[in-house]
Amino acid sequence: MTIRLVVCLVCTVAAWGAERKATPEEARKFIDDAEQKLLVLNVDSNRADWVKSTYITDDTEAISAKLDERSIAAAVEYAKQSTRFDGLKLDPVTARKIKLLRLSLTIATPSDPRESEELTRIAAGMEGTYGKGKYCPQGPQSCQDLEDLTKLFAESRDPQKLADAWTGWHAIARPIRRDFVRYVELANKGARQLGFPDNGAMWRSKYDMEPDAFAKELDRLWEQVRPLYLSLHAYVRSRLREKYGDAVPAGGPIPAHLLGNMWAQTWDNVYPLVAPPDADPGYDVTELLKKRNTDWKAMVKYGESFFVSLAFDPLPQTFWERSLFLKPRDREVVCHASAWDVDNLDDLRLKMCIQVTGEDFLTIHHELGHDFYQRAYNKLPPLFRDSANDGFHEAVGDTIALSITPEYLVKIGLLDRAPDPSKDIGLLLARALEKIAFLPFGLVIDQWRWKVFSGEIPPDRYNQTWWQLRLKYQGIAPPAGRTESDFDPAAKYHVAANVPYMRYFLADILQFQFHRALAQAAGCTGPLNRCSIFGNRAAGARLNGMLEMGQSRPWQEALEKIAGTREMDASAIRDYFAPLQKWLDEQNRGKPVGW
Ligand code: X8Z
Ligand code: ZN
């Protein structure tokens, strides 16, 4: 019913417009009307998505797919209609809104209603399959979900167990392959009907610059940080070789199951295996949390209090009532953490299966960054209610988490005494295992997906090209033989769930730019890894100034607002880790670097 209503409204406007030349005033009315209508549809689809993600059944999946379809189809229709204002001299706000409308989708449904229905159904189904994924080595009683496996990867040093868990989890993605092939076809079709060469090109168009220029920017940034990654990789490889022997080649790729994480995307869990003997800071956040009996609620409260200390309002009461904080025992949910603003105003929520670990402590800060950003821009017109670019959204909470310094932990009573500066190499190494290790992973997923969408990687080479790229960028190798009956990319949430990934690479760079600028605003003159902006109103105001711009202006302006520069730039992350780079290069002397 609603879908017909929307489409008819658009048609009426179109028919009316076709008769004579459109005017700038009509353009303004058109876009203001479109954003209000789309807002309503978007909220309906958010609600259904929430229910589906916190209670996966065939029915919730179908309902959610239907409402997604309705809201996407309407946006596509409006985007197409908006072309009749092309060439008109519009006021800057209207012009930007129309531009954003055309770029707002991560998936565009094709105009054929059957294909549109099929695409949203497949997309919901792939995410559901991932969410329900389990490894059951010895029948249904033995099943391990991703939370169990995450814990195993964090703690186990048994290569056989790790390899089995790795292979077992990656098997959940095999059934996704067929759907994924169709999803690529249909998403491309939808993107082409909107005038993009393919779905990947649509994703690359969202950055206030030419898509090709954006791709070049990424190469530039990667070249800036690659030396640091190579040094870290070489050092970690040599230390893991001490532990695991020839299973880790002296000069080749690191086996992907030995890095403490299912996807080898962050390596901080192997810190104890690679810690500098004379510079270990001597604490572990997981242990600190456990020692003080910190529960999930206290962990979330710590995150909230940090933002409140910067003069942000506390989270609304409904956040505590409506969020999902723990994995329910009686139903399937999508545990992959996410932050929601269901009504695009103040219905902020967290969806997460919190475990009391240092890793989840960081993730909570990450997610709250999304929520506080969402609220900061909620007074803007609906089409401006998003981050400057998607990397900004991912960077905010991480920026705050960079302020979780030893001194901060002392301040909030989790740690008794901060380690002295002689332990900085240990602190930096632990952070590098999180942030530097992540960089090539952040790049590789969409390097692969972009080629898939463009057709350069055909379905019969999906898995082999995945591993070629993982080798090229990350220098890692799978622990077991792979064939084209595997579909390892979809063993990662964002591939199964149609979430673009380059945002996390950008965020990894941007958060250090933000941190450096905010630390400066807070008057911190010490080394960046010891600067915390906790409690600093000046830093809070600077951050908020950027957040409340939403995406009303190109991201370059938002960056200028917070960091005084219009360029994404890796100098901040390099500065931060400069002492570590020097130390790593000393450790690596005479050892092979690269693979
Ligand atoms: O997906 C996430 C967040 C939700 S936006 C938990 N992250 C990426 C991942 O888990 O792969 C955060 C860092 C990278
Ligand atoms: Zn995020």
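Before going into details, it helps to say that this report is about the structure given with it.

Moving on, we come to the packing of aromatic side chains. Counting across every chain of the model gives 43 aromatic pairs. Both rings, one in Y373 and one in Y377, keep their centres 5.4 Å apart while their planes meet at 55°; by these two values the pair is tilted. Take Y373: its relative accessible area is 0%, and that puts it in the buried class. By relative accessible area, Y377 is classed as buried at 5%. By way of ring pairs, the aromatic residues F180, Y183, W203, W448, F453, Y462, W466 and F487 are connected into one cluster. The ring centre of F384 lies 5.9 Å from the NZ or CZ of K97, which sits over that ring.

In this section: the site of ligand 1. Near ligand 1 you find Q265, H336, A337, H366, E367, H370, E394, F438, K492, H494, Y501 and Y504, and these make up its full shell. The side chain of Q265 places a nitrogen or oxygen atom 3.1 Å from an oxygen atom of ligand 1. Considered on its own, ligand 1 offers 370 Å² of accessible surface; in the complex 81% of this is hidden by protein. Of the residues contributing to the shell around ligand 1, the split by class is four nonpolar, five polar and three charged.

Moving on, we get to the state of the cysteines. Tallied over the entire structure, the rule returns three disulfides. Across a sulfur-sulfur distance of 2.0 Å, C136 and C143 are joined as a disulfide pair. Taking the sign of the torsion about the S-S bond as the criterion, the disulfide between C136 and C143, at about 100°, is right-handed. On the accessibility criterion, C136 (33% relative accessible area) is partly exposed. The partly exposed category is assigned to C143, whose relative accessible area is 28%.

The rules we used
Residues numbered from 1 in each chain as written. Chains lettered and ligands numbered in written order. Predicted model: local features only at pLDDT ≥ 70, side-chain atom pairs only at ≥ 80, totals over all residues. Heavy atoms only, no water. Phe/Tyr/Trp six-rings, centres within 6.5 Å; stacked < 30°, edge-to-face > 60°. Buried < 20%, exposed > 50% of the residue type's maximum accessible area, 1.4 Å probe, protein only. Lys NZ or Arg CZ within 6 Å of the ring centre and 35° of its normal. Near = heavy atom within 4 Å. Polar contact = N/O pair within 3.5 Å; in protein donor to acceptor, adjacent residues only side chain to side chain. Areas by Shrake-Rupley, 256 points an atom, 1.4 Å probe, with all protein chains shown as cover. Nonpolar A, V, L, I, M, F, W, Y, C, P; charged D, E, K, R; others polar. Disulfide = S-S within 2.5 Å.

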